[in-house]
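Descriptive analysis of the structure
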Amino acid sequence: MRVATWNVNSVKARLGNVLDWLRAADPDVAVLQEIKCETEAFPRFEFEALGYRLLVHGQKSYNGVALLSKDPIEDPKTGLDGDDGDTQARYVEGTVRGVRICGLYLPNGNPAGTEKYDYKLAWMDRLRRRAETLLAAGTPFLMGGDFNVIPEARDAADPHAWVDDALFLLETRRRFRALVNLGLTDAWRALNPTATGYSFWDYQNQAWQADNGIRIDHILVSPEVADRLDACIIDREPRGRDKASDHTPVVATLSE
DNA sequence: ATGGTTGCCTCGCAA
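Residues numbered from 1 in each chain as written. Chains lettered and ligands numbered in written order. Predicted model: local features only at pLDDT ≥ 70, side-chain atom pairs only at ≥ 80, totals over all residues.

1. Section: the protein's contact with DNA strand B
Taken together, the neighbourhood of DNA strand B is formed by 14 residues, with Ser10, Ala13, Ser61, Asn108 and Gln204 sitting nearest. Residues that form the surface near DNA strand B fall into these classes: 4 nonpolar, 5 polar and 5 charged. (Near = placed C-beta within 6 Å. Nonpolar A, V, L, I, M, F, W, Y, C, P; charged D, E, K, R; others polar.)

If you want it as structure tokens, here you go:
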């Protein structure tokens, strides 16, 4: 089973690119972030025509996540527990072939020192609690998405440029480590221990052309899923296209 | 250095 994560930066603006990639890469499961449309406005027909079932959690203009699967999606859940007043569409969850697939768009948090950063840190605490709950229940799971976290300096082409950024601040990295330290595996790092790889390049300053990227899109897996990891790749091809998203897909391969 | 780019759909905000 191959599971992909991709921040598409508007599913409507990116529809052709996203469908092209799904046809070529043919993942069994994909989680998409920043669909930037309401649930009812998601272009369902085009994805269903490729054989995907859909679980969509959208909102107007901003955020929005979706889970795509060629196999049935059981026990669908939208929204992350822990804050009933949170109206931002950033989390979707469903079980596919016995694996709980969690698709997430973690808050950016910039600028640091504002309520935006407080919201990010609180959201990370809620995500950790969700992972604890799934672990306690013995549920095999995979968390994929745009974490908006640069885990280590080697995950940025120019780490000095990010030292005061919400994606790389100590409190951000500390919470990411707390999540991983529950016993999760960063699939790409585990399978590419000495590699340099990025999943995001800013639209500005020719970041893509200069390969001035950061690795912020991650697939974290629980121990039983980690034992099934065969590969994890970052597919840079879509980032080089016309009208590209600023993110590119990450794909994990699990043995059966 | 407060630029630079993209998407939403308003004339600014978020990334």
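2. Notes on helix α4 (residues 170–180)
An α-helix turns once per 3.6 residues; consequently, residues spaced three or four apart project the same way. Within α4 the residues assigned to the buried category are Thr172, Arg175, Phe176 and Leu179. Projected down its long axis, α4 carries its buried residues within an arc of 100 degrees, all on one side. Along α4, the residues that are exposed and aim more than 90 degrees away from the buried face are Leu170, Arg174 and Arg177. (Buried ≥ 20, exposed ≤ 12 C-beta atoms within 10 Å, placed from the backbone. Helix = DSSP H or I, 4+ residues; strand = E, 2+ residues; numbered from the N terminus. Arc of directions from axis to C-beta.)

3. Topic: unusual backbone geometry
For the bond running from Asn110 to Pro111, omega is -5 degrees, close enough to zero to count as cis. If you check the backbone angles, Asn9 has positive phi at about 50 degrees while not being a glycine. Within the secondary structure, Asn9 sits in the loop between β1 (2–7) and α1 (15–25). Its identity as a non-glycine residue notwithstanding, Asp75 has a phi of 50 degrees, on the positive side. Mapped onto the secondary structure, Asp75 falls in strand β5 (residues 74–78). When the 8 C-beta atoms within 10 Å are taken as the criterion, Asp75 is described as exposed.

4. So, the pairing of strand β8 (residues 141–146)
Taking burial as the measure, the 6 residues of β8 include 6 buried ones, the bulk of the element. Bridge count between strand β7 (residues 99–105) and β8: 6 bridges; the pairing is parallel. Of the residues in β8, the one forming a bridge with Gly103 is Gly144. Handedness of the crossover joining β7 and β8 through helix α3 (residues 115–136) is recorded here as right-handed. Both β8 and strand β10 (residues 217–221) contribute to a ladder of 5 bridges, which runs antiparallel. In the sheet register, Gly144 faces β10, and the bridge partner there is Ile219. (Pairing = 2+ DSSP bridges. Right-handed = clockwise from strand over helix to strand, strands pointing away.)

5. Observations concerning α3
When the terminal C-alpha atoms of α3 are compared, their 31 Å separation across 22 residues agrees well with the 32 Å that a helix rising 1.5 Å per residue should span. Every buried residue of α3 is listed here: Lys120, Trp123, Met124, Leu127, Arg130 and Ala131. For α3, the angular spread of the buried residues around the axis is 120 degrees, confining them to a single face. The exposed residues of α3 that point more than 90 degrees off its buried face are Glu115, Glu132, Thr133 and Ala136. Positive backbone phi, at 70 degrees, marks Gly138, one or two positions downstream of α3. (Expected span 1.5 Å × (residues − 1).)

6. Details of the environment of Gly98
Among the secondary structure elements, Gly98 is positioned in the loop between β6 (91–96) and β7. Exposure remark for Gly98: the 12 C-beta atoms within 10 Å place this residue in the exposed category. Distance from Gly98 to Phe141, taken between C-alpha atoms, is 8.7 Å for residues 43 residues apart in sequence.

7. So, the sheet that holds strand β9 (residues 185–186)
Strand order in the open sheet formed by 6 strands is β5-β6-β7-β8-β10-β9, and the pairing between neighbours is mixed. On the outer flanks of this sheet lie β5 and β9, each paired with one strand and no other.

8. Structural notes on the pairing of β1
Among the 6 residues in β1, 5 count as buried, and that is most of the element. As paired elements, β1 and strand β12 (residues 250–254) share 4 bridges and run antiparallel to each other. Looking at the pairing, Val3 lines up with Ala252 of β12. Inspection of the sheet shows β1 paired to strand β2 (residues 29–33) by 5 bridges, in the parallel sense. The partner of Asn7 across the bridge, within β2, is Gln33. In terms of handedness, the path from β1 via α1 over to β2 forms a crossover that is right-handed.

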